[in-house]
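Residue strings, one per chain:
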Amino acid sequence: MLNIIIFGPPGSGKGTQSAKIVEKYNLVHLSTGDLMREEIARDTPLGWEVKKYIDKGMLVPDEIIMRELYEKASEHLDAPGLIFDGFPRTIVQAEMLDQMLEKHKMPIDVVLSVDVSEEELFQRLMGRAEDSGRSDDTAEIVLHRIEVYKEQTLPLIEFYQKQGKIVSINGMSPVEEVFGKITTAVDTYLETREIIPAIE
Ligand code: AMP
């Protein structure tokens, strides 16, 4: 099994890269953002609840995220591997994920941290706002999401550094180039079980 976390601020290209990784390595894509948006689209009480947080650029409470994630992940425990996209976003989520994976003897192999400067993030997210139709892509909310990322999600880098699993990927280049760096990191891991700490 190959279990990957793709980690990065909003606008770092996680979603785009995840789709390419899924295809190349035949993994199941678990995006908590997508799970939340599906719930909203289905117009369920849970969807109404999570929309309140998403529209403000806040994180959805850990209990909700964990419940939805467990449910989805448990459908795919026999998959060749999983890629977690936009999850975990807090230390509590990361600890709970470790517990869940330990129980099933399927640890995280690699944590891909896609690095993009703050200025570039803002430009990209505002560009995306024009055609995404996402209600959380307005200037004020975008800035808030970047702040929330710095406060609540960035500490995860240290968490996974301590586990020796982080690969920092320079995400400032075109999509295919970034994907090339990702495949170098993953292929090296598959061949040698070694983590390259950073790929410029
Ligand atoms: P994303 O598509 O990953 O950028 O997620 C969009 C929004 O969904 C985020 O801004 C959060 O409000 C919510 N969300 C997605 N994943 C998580 C998570 N792991 N923890 C908390 N909130 C999340």
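Please refer to the structure higher up on the page.
Source: prediction; values computed, not measured. (Residues numbered from 1 in each chain as written. Predicted model: local features only at pLDDT ≥ 70, side-chain atom pairs only at ≥ 80, totals over all residues. Heavy atoms only, no water.)

Some remarks on the site of the ligand
Stated precisely, the cut-off is as follows: Whether a residue is near a molecule or strand is decided by its heavy atoms; if any one of them lies within 4 Å of it, the residue is near. Here a polar contact is taken to be a pair of N or O atoms separated by no more than 3.5 Å, where protein atoms must pair a possible hydrogen donor with a possible acceptor and residues adjacent in sequence count only if both atoms sit in side chains. Shrake-Rupley sampling with a 1.4 Å probe provides the accessible areas, and residues are treated as covered by the protein chains on show and by no other component. Counting from the N terminus, the helices are DSSP H or I runs at least four residues long and the strands are E runs at least two residues long. Here the nonpolar group is Ala, Val, Leu, Ile, Met, Phe, Trp, Tyr, Cys and Pro; Asp, Glu, Lys and Arg are the charged ones; every other residue, Gly included, is treated as polar.
Among the 14 residues in the neighbourhood of the ligand, the closest are listed as Thr 32, Arg 37, Met 58, Arg 89 and Gln 93. Val 60 places a polar main-chain atom, nitrogen or oxygen, 3.0 Å from a nitrogen atom of the ligand. The separation between a nitrogen atom of the ligand and a polar side-chain atom of Arg 89 is 2.9 Å. In the complex, the protein chains occlude 96% of the 480 Å² of accessible area that the ligand would expose alone. Considering each element in turn, the shell around the ligand owes the most residues, 3 residues, to helix α2 (residues 32–41). Along the lines of polarity and charge, the residues of the shell around the ligand split into 6 nonpolar, 4 polar and 4 charged.

A closer look at the nonpolar core
The nonpolar side chains of a soluble globular protein tend to be buried with one another. Quick reminder of the rule: What we call a nonpolar core is a set of buried Ala, Val, Leu, Ile, Met, Phe, Trp, Tyr and Cys residues that are connected through their side-chain atoms within 4.5 Å. Burial classes follow relative accessibility: with a 1.4 Å probe on protein chains only, a residue under 20% of its type's maximum area counts as buried, one over 50% as exposed, and anything between as partly exposed. Any two residues having at least one pair of non-hydrogen atoms within 4.5 Å are treated as being in contact.
Counting residues in hydrophobic clusters, the biggest one holds 32 residues, and the most contacted among them are Ile 5, Phe 84, Leu 97 and Tyr 160. Going through the elements one at a time, β1 (2–7), β2 (28–31), α2, α3 (45–56), α4 (62–74), β3 (81–85), α5 (91–103) and α8 (155–162) are the ones with two or more residues in this core. The dominant element in this core, judged by the number of residues it contributes, is α4, at 5 residues. Excluding anything up to four places from it in sequence, Ile 5 contacts Phe 84, Phe 87, Pro 88, Leu 97, Ile 108, Val 110, Val 111, Leu 112 and Tyr 160. If you look at the next biggest cluster of nonpolar residues, it comprises 19 residues, including Ile 6, Leu 27, Ile 182 and Ile 199.

Points about α3
Because an α-helix packs 3.6 residues into every turn, residues spaced three or four apart end up facing the same way. Let me state the cut-off plainly: Given a helix with a known number of residues, its expected span is that number minus one, times 1.5 Å. The directions from the helix axis to the C-beta atoms are what the arc is built from.
Over its 12 residues, α3 extends 18 Å from the first C-alpha to the last, a length consistent with the 16 Å expected when each residue adds 1.5 Å. All of the buried residues along α3 are Leu 46, Gly 47, Val 50 and Ile 54. Buried residues along α3 cover an arc of 85° about the axis, so they all sit on one side. α3 presents Pro 45 and Trp 48 as exposed residues on the side facing more than 90 degrees away from its buried surface. If you follow the buried residues of α3, they end up packed against α2, α4 and α7 (139–153). Residue Gly 57 follows α3 closely and has a positive phi angle near 80°.

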